[in-house]
Each structure stands twice: as C-alpha cells, then as structure tokens.
Amino acid sequence: MIILLFILDGCAINSYIKAHTPFIDSLSEKGFITFNCKTVFPTATYTGHSSIVTGTFPEQHGMIGNQFFDKNDKKVKHFDYYNPSEYIQSHTLFEMLNSPKTMAVAEPITKGADYIMPMQELNEISLEKRDELIFDKTMKFLKNYNIKFGVINFAGVDGYGETFGPDNKKYLNEISKCDQFLSQIYEIVEDKLIMIITADHGMTKVSKRFNLKRYFQNVGISGQFLESHRACHIYLNKDHKEIMEELNHIKEIDKIFLKSQTKDIKLYHKRTGDIVISANTGIEFEKENLNGSHGGYLKEELYVPLIIMSKNYELKYKYNSSRIYSTLDVAPTIIKLSNIKLNNIFPGKPI
Ligand SMILES: [Zn+2]
C-alpha cells in the first residue's frame, strides 16, 4: 500500500469549494470529506505542517510560529534559515513509519524522510512553475524508488493566495491545477493507494499592514516582535502591564494571549512569547503588499479541508457531523492504516 499525504498549502475552505476540482469530487464521494476540520494556532506554515506530520500540538512539537526567540543563545531563529529538523521536538511520520521508503516533496518538515526535495528549491523559480516542479519531482520519486509514504506540499497555492487574495481567480486556478496533478499521480500508481488531502492553514483577505515594531518604537515600548504573518510572539524584558494597556487599545489586534493563557490553545512552550497576539480582519503584521494572509485566529484561517480517497482499496469511513475533525487526526489515521501499534501517543483520533 502507498499512502500519499497532499498538503494544499494555504487552501481556504471557501476557495476550495469555489475552485473547479473534478478529480477530487469524483473520488471523495466514495471516500471521506469534511470542511469541519481545524488546524492549529498560529495558522503559520511551519506550525501547521509540524502538527500534521507529527500529530501533536505546538506545545509538544515546539514549532510555535515561523520564528521564535531562543533564550539559550539570545538569537532570533527563523525556520527559513534554521533547519526545522533540529528544532522539532516530536517524532514525524517519516520516523514512525521507519521501514517503508518515504519522500518529502517541498514539505518544510523532512526529519526522517528518505527522499527529499527541499522547500528552499522553490525560492529560485517563479511562482507559476512551483507546483509544476513539485508535481514533476513527485512523479520522479514514485517512478524511481519504491515509495510507500510521501508528503507532497503544493506550496504554490499559498504563494498565489498571499499575492492575489483568497477570492482571486489565479488562486482558485492553482487549486484546480493541483486537482489535475493529483489525477495524474493517481493514474501512475498501480498498487493500493490512499490519498489524504488537507491544508496547513486557510487564507483570509488582507488590505493593510500594521507594523508592530514601528508602532511600539514610536510609543517608547521595547521588546522583540516576532511575526508569523498575522500572529506575533512578543518577548519582553520587563513585566507586561505597560504593553498590555497599549495592546488593548489597538484596533488592528484581534486576540491577545498572555503566555499562561496559551495553555488553553495548546501553544504553551518554553519558546512561546510572553504575549501572543493575532491580527484583526484585513490586517497583516509582517509583510507589505499582500492581498491574502494567515497566521491569525479567524475561521477562514483555522478551518481547512480534509479529504481521504483511495484506489484498489475500500475505505469505510463514516462522516460524523457532530465531530470537529483536526489536522492532528491525520497522523493517527496514517499510523492505523499502516497497521502500526503506537500506544496512545496522539492527542488526535484516527478518522
Ligand atoms: Zn502554509
């Protein structure tokens, strides 16, 4: 059996529904599909992917955003530059399924994978070519190696969403393009095949950047402001009274969590900021000129599609309308499909 986990990076539910996806539509009816699936906060790429491939919350895997302040050596560590494999603190599916050959294609979390196409390779090519390259590499790995498990991250989807916004045709077309890639991958596999499709986070429209660093410089409050798009970990040198008073008045801010309150959202870790905030509707903290973003706590960022389909293998999944599914359910589902017994290490449940 081959299990392939596809992540449509930054695929929002409403956009997925609007996009033309005839291949997934034709198979998901016989498989499993839900739009009632929650990812983790912050809805940032490294955090979301880490939870999917380890089946654990940020409080366990420690990937609390795209970057964090390392108190040990007093350095800011951004995972674009510091290898996530050295920082992730939970076992990945690649490690848990250690006997079959595994591949990670443009997947940011690669720890334990046998065949890897690093996500960084995408930086050198234009947005239009990214998902095509990911597709080509996936086909190559499947043809040349005896792959039994793979994670394929269609990172181009996120790029289109951020550049053009979640309602834009180009973003919807990119989701449709991935549907075509999936159908071609399905065709070449002759073995029993399970395809799981989900996203690390959704996408919301933004129209304005709110620069936290500049704002707090102007009001004379110091601290480290480490953004992951629409979320920010704030690290302070003194108590939080002064800054809290200020934060409470900023209309661009949606949620404010003191570090102790991040326990409730499974984000409490030694790397977590003294305060964690998320942006209000339409606001981006980190980058200029985006039309779509994520990181925050809005429904369109937190809920993602979760789809399971198969070939030469009958799935017997029943949709439970009262259950809120989670991207943390993916790892235990894969472990169960692989007939591996791991005693209750997952907070999620198999589908
Ligand atoms: Zn992402």
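Residues numbered from 1 in each chain as written. Predicted model: local features only at pLDDT ≥ 70, side-chain atom pairs only at ≥ 80, totals over all residues.

## Regarding the packing of helix α6 (residues 127–144) against helix α8 (residues 169–188)
Put simply, α6 and α8 touch, their axes get as near as 11 Å, and they point 10° apart. With respect to α8, the axis of α6 lies roughly parallel. Counting all contacts with α6, which are made through Asp 131, Phe 135, Thr 138, Met 139 and Leu 142, the residues of α8 involved are Glu 174, Lys 177, Cys 178, Phe 181, Ile 185 and Ile 188. (Axes fitted to C-alpha atoms, helices over the stretch in contact; angles between N-to-C directions. Helix = DSSP H or I, 4+ residues; strand = E, 2+ residues; numbered from the N terminus. Parallel < 35°, antiparallel > 145°, perpendicular 65-115°, else oblique. Contact = placed C-beta atoms within 7 Å.)

## A closer look at the pairing of strand β2 (residues 32–38)
Within a regular beta strand, the side chains point alternately toward one face of the sheet and then the other, so they alternate between its two faces. Two elements, β2 and strand β16 (residues 303–311), share five bridges in a ladder whose sense is antiparallel. Within the sheet, the bridge partner assigned to Lys 38 lies in β16 and is Tyr 303. Two strands pair when backbone bridges link them, and β2 and strand β17 (residues 325–326) are joined in this way by two bridges, in the parallel orientation. Of the residues in β17, the one forming a bridge with Lys 38 is Ser 326. (Pairing = 2+ DSSP bridges.)

## Observations concerning the packing of α6 against helix α7 (residues 156–164)
Relative orientation of the contacting elements α6 and α7 amounts to 160°, with a least axis distance of 8 Å. One way to sum up the angle between α6 and α7 is to call them roughly antiparallel. Considering only the axes of α6 and α7, their crossing is left-handed. Listed contacts from α7 to Leu 127, Arg 130 and Asp 131 of α6 are Gly 156, Gly 159, Tyr 160 and Thr 163. (Left-handed = near helix turned anticlockwise from the far one by under 90°.)

## A look at helix α12 (residues 330–337)
Among the residues of α12, those classed as buried are Val 330, Ala 331, Thr 333 and Ile 334. Mapping the buried residues of α12 onto a view down its axis gives an arc of 160°, with all of them on the same face. Looking at the buried side of α12, the elements it contacts are β1 (2–8), α3 (45–54), α5 (93–96) and β8 (193–198). Asn 339, located one to two residues past α12, shows a positive phi value of around 60°. (Buried ≥ 20, exposed ≤ 12 C-beta atoms within 10 Å, placed from the backbone. Arc of directions from axis to C-beta.)

## Comments concerning the sheet that holds strand β9 (residues 204–209)
Across a sheet, paired strands are connected by hydrogen bonds in the backbone, their directions being either parallel or antiparallel. Read across the open sheet, the three strands follow the order β14-β9-β15; overall the sheet is mixed. The open sheet has two free edges, formed respectively by β14 (282–284) and β15 (292–293), since each of these has just one partner strand.

## Concerning the nonpolar core
Within the largest apolar cluster, 97 residues are counted, with the highest numbers of intra-cluster contacts made by Leu 5, Phe 6, Leu 8 and Phe 154. For this core, the two domains that each supply at least three residues are domain 1 (2–204 + 295–337) and domain 2 (206–293). Setting aside its immediate chain neighbours within four residues, Phe 154 contacts Phe 6, Ile 7, Leu 8, Asp 9, Asp 131, Ile 134 and Cys 178. (Core = buried A, V, L, I, M, F, W, Y, C linked by C-beta atoms within 7 Å. Domains from an automatic or database assignment.)

## Considerations on the environment of Ile 17
If you trace the backbone, Ile 17 turns up in helix α1 (residues 13–18). Separated by 15 residues in sequence, Ile 17 and Phe 32 place their C-alpha atoms 15 Å apart.

## Some remarks on the domain arrangement of the protein chain
Once the domains are mapped, the protein chain shows domain 1 (2–204 + 295–337) and domain 2 (206–293). Residue contributions to the side of domain 1 that touches domain 2 peak at four residues, all from α7. Among the residues forming the side of domain 1 that touches domain 2, the class breakdown is 14 nonpolar, 10 polar and two charged. (Nonpolar A, V, L, I, M, F, W, Y, C, P; charged D, E, K, R; others polar.)

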